[in-house]
Amino acid sequence: MGSENIYILGIESSCDDTAASVIHNGKILSNVVANQKIHEEYGGVVPELASRAHQQNIVPVVHQALSKANITKDQLHAIAFTRGPGLMGSLLVGTSFAKSLALGLNIPLIDVNHMQAHILAHYIDEEGFKKPPFPFLAMTISGGHTQIVKVNNYFNMDVIGETIDDAVGEAYDKSGKILGLGYPAGPEIDKRAQLGNPKAFKFTKPKVDGLNFSFSGLKTAILYFIQKETKANPDFIAENLNDICASIQYTIIGILIDKLKKASKETGIKHIAIGGGVSANSGIRQALKDGEHKFGWTTYVPKFEFTTDNAAMIAIVGYLKYQDNAFSASNVTASARLKL
Ligand code: KG4
Ligand code: ZN
């Protein structure tokens, strides 16, 4: 088996998206995601409903990934899957499916850490996207995660900062709930923020030591602010929505950039990559671009479909681990709190 012509199937099921992807060497041939709309009704992910939906989706999603890649399962060299971190019930569906498929096909199984995958998504071969050189700083920002990681090598990473309470996407979604917006609220707050005045209202940034983050205080500050203002004027939200969104976004981006600046200064690293669903945000993208001029950073933002939860990022880690002969034992288990 040469290492030049490798097909790997990646499977992701850590939260509320069931995803499968086929990678041929470093290039993605298919990247299929079944989003679970059911959670919108509840304003957040309901774990029990998520695992049930994974069970329904996983077979068709894998079929579609293989057929879009134009290969049969017999051509696969290995199965890579998300071992953790994530929701236990959701992880179990992907883990047992991957194990059975690898066993049935008699090919190696490769377990992947979801957080590592968000970072290594930058190593997918994709025209127009550059790969960060080691060492670099990676900031993963999504509905479930907020971390700054010093990436020394593919498999050697140090978490140097993380949230002590809510994730940044959660801060967007909870603020959106207070404002009466739909779930997830990040995209709408971002859209409205671009039409509003970021300095209209001032929210204090939390004081958190070192490179850690905190977002729960901001949510409470927004709640009290809105309660006070709507008491005086019941139409306050409707009359000021764009300005409120712009002010919230300005505060959140400020928090993220302050910590990135500190991390860059402390480590002396100026290559900065982002990943996770919130990296779609126009404010963070602009702030990173500004950082290139202001601080001499080189910044890396992956293609959108590789930033939200997806299986292409699992497949690329599978490919990198395959080359390293880093295979899993057949008794590997899902791990909800898996660390980097
Ligand atoms: O990575 P992702 O798809 O799923 C996980 O949470 O793992 O991220 C979803 C999160 C949600 O909280 C959503 O509100 C946020 O990303 N988000 C955004 C934007 N697009 C998605 N937040 C701010 N601005 C955006 N443009
Ligand atoms: Zn994620």
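Above this text you will find the structure in question.
Let me sum up the structure you'll find in this document. For clarity, every value in this text was computed on a predicted model and none was experimentally measured.

Scoring rules and cut-offs
Residues numbered from 1 in each chain as written. Chains lettered and ligands numbered in written order. Predicted model: local features only at pLDDT ≥ 70, side-chain atom pairs only at ≥ 80, totals over all residues. Heavy atoms only, no water. Donors = N, O, S within 2.8 Å, 3.2 Å for Na, K, Ca; no water. Tetrahedral: all angles 85-135°; square planar, octahedral: opposite > 155°, others 65-115°. Helix = DSSP H or I, 4+ residues; strand = E, 2+ residues; numbered from the N terminus. Buried < 20%, exposed > 50% of the residue type's maximum accessible area, 1.4 Å probe, protein only. Pairing = 2+ DSSP bridges. Axes fitted to C-alpha atoms, helices over the stretch in contact; angles between N-to-C directions. Contact = heavy atoms within 4.5 Å. Core = buried A, V, L, I, M, F, W, Y, C linked by side-chain atoms within 4.5 Å. Near = heavy atom within 4 Å. Polar contact = N/O pair within 3.5 Å; in protein donor to acceptor, adjacent residues only side chain to side chain. Areas by Shrake-Rupley, 256 points an atom, 1.4 Å probe, with all protein chains shown as cover. Parallel < 35°, antiparallel > 145°, perpendicular 65-115°, else oblique. Left-handed = near helix turned anticlockwise from the far one by under 90°. Nonpolar A, V, L, I, M, F, W, Y, C, P; charged D, E, K, R; others polar.

With distances of 2.1 to 2.6 Å, the protein atoms coordinating the zinc ion (ligand 2) are His114 (NE2), His118 (NE2), His145 (NE2) and Asp309 (OD). Each of the four donor atoms around the zinc ion (ligand 2) contributes to a set of angles spanning 91 to 156°, which defines the coordination as irregular. Between consecutive donor residues of the zinc ion (ligand 2), the sequence gaps follow H-x3-H-x26-H-x163-D. Residue His114 and its partner His118 are both found in helix 3 (residues 114-120); the two are separated by four residues, about one turn of the helix. Just as His114 is buried, His118 falls in that class too.

Another aspect to go through is the sheet that holds strand 3 (residues 27-35). Overall, mixed pairing links the five strands, which are arranged 3-2-1-4-5 in an open sheet. Strands at the two margins of the open sheet, each flanked by one partner only, are strand 3 and strand 5 (109-113). Looking at each pair of strands side by side, their axes are set apart by 20° on average, direction ignored. Across eight bridges, the pairing between strand 2 (residues 17-24) and strand 3 is antiparallel. Bridge assignment links Ile23 to a residue of strand 3, and that residue is Ile28. Sitting on the sheet, helix 1 (residues 47-69) is in contact with strand 1 (7-12), strand 2 and strand 3, with an inclination near 25° to strand 2.

With 41 residues, the main nonpolar core has Met139, Leu179, Ile252 and Leu256 as its most contacted residues. Elements supplying a minimum of two residues to this core: strand 6 (136-141), helix 4 (168-178), helix 6 (216-232), helix 7 (236-267), strand 9 (271-275) and helix 8 (282-295). For this core, the element with the highest residue contribution is helix 7, accounting for 13 residues. Residues contacting Ile252, with those up to four places away along its chain left out, are Val168, Ala171, Tyr172, Phe215 and Leu218. Among the nonpolar cores identified, the runner-up in size contains 31 residues, and Ala117, Ala138, Val149 and Met157 belong to it.

Moving on, we come to the site of ligand 1. Inspection of the region around ligand 1 gives 17 residues, with Gly143, Asp173, Gly277, Asn281 and Asp309 positioned closest. Within the backbone of Gly186, a nitrogen or oxygen atom sits 3.1 Å from an oxygen atom of ligand 1. Contacts to ligand 1 include Gly277, whose backbone N or O atom sits 2.8 Å from an oxygen atom. Notes on ligand 1: free accessible area 550 Å², of which the protein chains cover 87%. Put simply, the parts of the chain that give the shell around ligand 1 at least two residues each are helix 4 and helix 5 (186-193).

Taken in spatial order, the five strands line up as 8-7-6-9-10 in an open sheet, and their pairing is mixed. Each edge of the open sheet carries a strand with a single partner, namely strand 8 (156-162) and strand 10 (298-300). Averaged over all pairs of adjacent strands, the angle between their axes in this sheet comes to 25°, without regard to strand direction. Across four bridges, the pairing between strand 6 and strand 9 is parallel. Each residue of the ladder has a partner; that of Thr140, found in strand 9, is Gly275. Packed on one face of the sheet, helix 7 meets strand 6, strand 7 (146-153), strand 8 and strand 9 and runs near 160° to strand 6.

It is worth spelling out the packing of helix 7 against helix 8 at this point. Contact geometry for helix 7 and helix 8: axes closest at 10 Å, N-to-C directions at 40°. The angle between helix 7 and helix 8 places the two elements in the oblique class. When you trace helix 7 past helix 8, the crossing you get is right-handed. Every residue of helix 8 that contacts helix 7 at Gln249, Ile253, Leu256, Ile257, Leu260 and Lys261 is listed here: Ser282, Gly283, Ile284, Ala287, Leu288 and Phe295. Residue composition of the contact of helix 7 with helix 8, grouped by class: eight nonpolar, three polar and one charged.

Here the focus is the pairing of strand 1. By the criterion of burial, strand 1 is predominantly enclosed, with six of the six residues buried. The alternating pattern of strand 1 places Tyr7, Leu9 and Ile11 and Ile8, Gly10 and Glu12 on opposite faces, both of which are buried. The pairing of strand 1 with strand 2 spans six bridges and is classified as antiparallel. When the bridges of strand 2 are listed, Ile8 appears paired with Ile23. Counting the residues in the hairpin turn of strand 1 and strand 2 gives four residues.

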